[in-house]
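Summary of the model geometry
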Amino acid sequence: MKKKEIIIKYDEYEKDDLLTSEDLELLNEARNALKGSYAPYSNFHVGAAVLLDNGKIIRGSNQENAAFPSGLCAERVALFHAKSEFPDAEVKSLAITASADHFNNNEPVTPCGSCRQVIAETEKRQSNRIRIIMKGDSGIIRILNGIEGLLPMMFHEELLKKNK
Ligand code: THU
């Protein structure tokens, strides 16, 4: 038996003005996306914005449903929209933010497990990692270069193939 460990590396910024203008713009687009959030059940609004390598920015927000599992997270709304409109474009970055009706959310919002799996699949379809930029209403910003840190030992397409 061997004990092993996985180390996750990410960047943490104290203030927005320390970000690159590209990251800051994407985060602002994620914040703008909050306007389209439909979250009457959780009262937790999530906004996401995807930057493609063709320069386009696609926004998404969480869309809830009275039949709870029929709703969808902001990240998947944005990613699915981006890849269906521009299937050949690579996703460079994904910015995520959230705002709650009843408290000040100053923790960076992290993608849920299902969204992590979708980010992983999107990354596998392209040559480059996806930068993930996360912020709450206020407070610090966290940036990861690639999904691996958020989804270690992920399930991916090669695992479906028979071992030779
Ligand atoms: N939500 C997202 O949109 N993205 C996440 O990464 C976490 C959760 C949404 C789903 C639901 O509408 C609300 O936040 C509360 O879970």
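Computed from a prediction, not measured in an experiment: that's the story for all the values here.

**Examining the packing of helix α2 (residues 74-85) against helix α3 (residues 113-124)**
- Taken N-terminus to C-terminus, the directions of α2 and α3 make an angle of 25°; their axes are 9 Å apart at the nearest point. The angle between the axes of α2 and α3 places the two elements in the roughly parallel class. As α2 runs across α3, the sense of the crossing is left-handed. For the pair α2 and α3, contact is made by E75, R76, L79, F80 and K83 and by S114, C115, V118, I119 and T122, respectively.
- Counted by class, the contact of α2 with α3 contains 5 nonpolar, 2 polar and 3 charged residues.

**Some remarks on the pairing of strand β3 (residues 57-61)**
- Inspection of the sheet shows strand β2 (residues 44-52) paired to β3 by 5 bridges, in the antiparallel sense. Note that in β3 the partner of G47 across the bridge is S61.
- Taken together, β2 and the strand that follows it, β3, pair antiparallel across an intervening segment of 4 residues, in which G55 is found at a positive phi of about 90°.

**So, the side chain of S93**
- For S93, the location among the structural elements is in strand β4 (residues 91-100).
- In this structure S93 comes out as buried when scored by relative accessible area, which is 1%.
- In contact with S93, not counting residues within four places along its chain, are L26, A49, V50, L51, I130, R131 and I133.

**Looking at the site of the ligand**
- Taken together, S42, F44, V46, N62, E64, C73, A74, E75, T110, P111 and C112 make up all the residues around the ligand.
- A distance of 2.5 Å separates an oxygen atom of the ligand from a polar atom in the side chain of E64.
- One of the side-chain N or O atoms of E75 is found 2.5 Å from an oxygen atom in the ligand.
- Secondary-structure elements contributing two or more residues to the shell around the ligand are β2 and α2.
- In the shell around the ligand, the residues fall into 6 nonpolar, 3 polar and 2 charged.

Cut-offs applied
- Residues numbered from 1 in each chain as written.
- Predicted model: local features only at pLDDT ≥ 70, side-chain atom pairs only at ≥ 80, totals over all residues.
- Heavy atoms only, no water.
- Axes fitted to C-alpha atoms, helices over the stretch in contact; angles between N-to-C directions.
- Helix = DSSP H or I, 4+ residues; strand = E, 2+ residues; numbered from the N terminus.
- Parallel < 35°, antiparallel > 145°, perpendicular 65-115°, else oblique.
- Left-handed = near helix turned anticlockwise from the far one by under 90°.
- Contact = heavy atoms within 4.5 Å.
- Nonpolar A, V, L, I, M, F, W, Y, C, P; charged D, E, K, R; others polar.
- Pairing = 2+ DSSP bridges.
- Buried < 20%, exposed > 50% of the residue type's maximum accessible area, 1.4 Å probe, protein only.
- Near = heavy atom within 4 Å.
- Polar contact = N/O pair within 3.5 Å; in protein donor to acceptor, adjacent residues only side chain to side chain.

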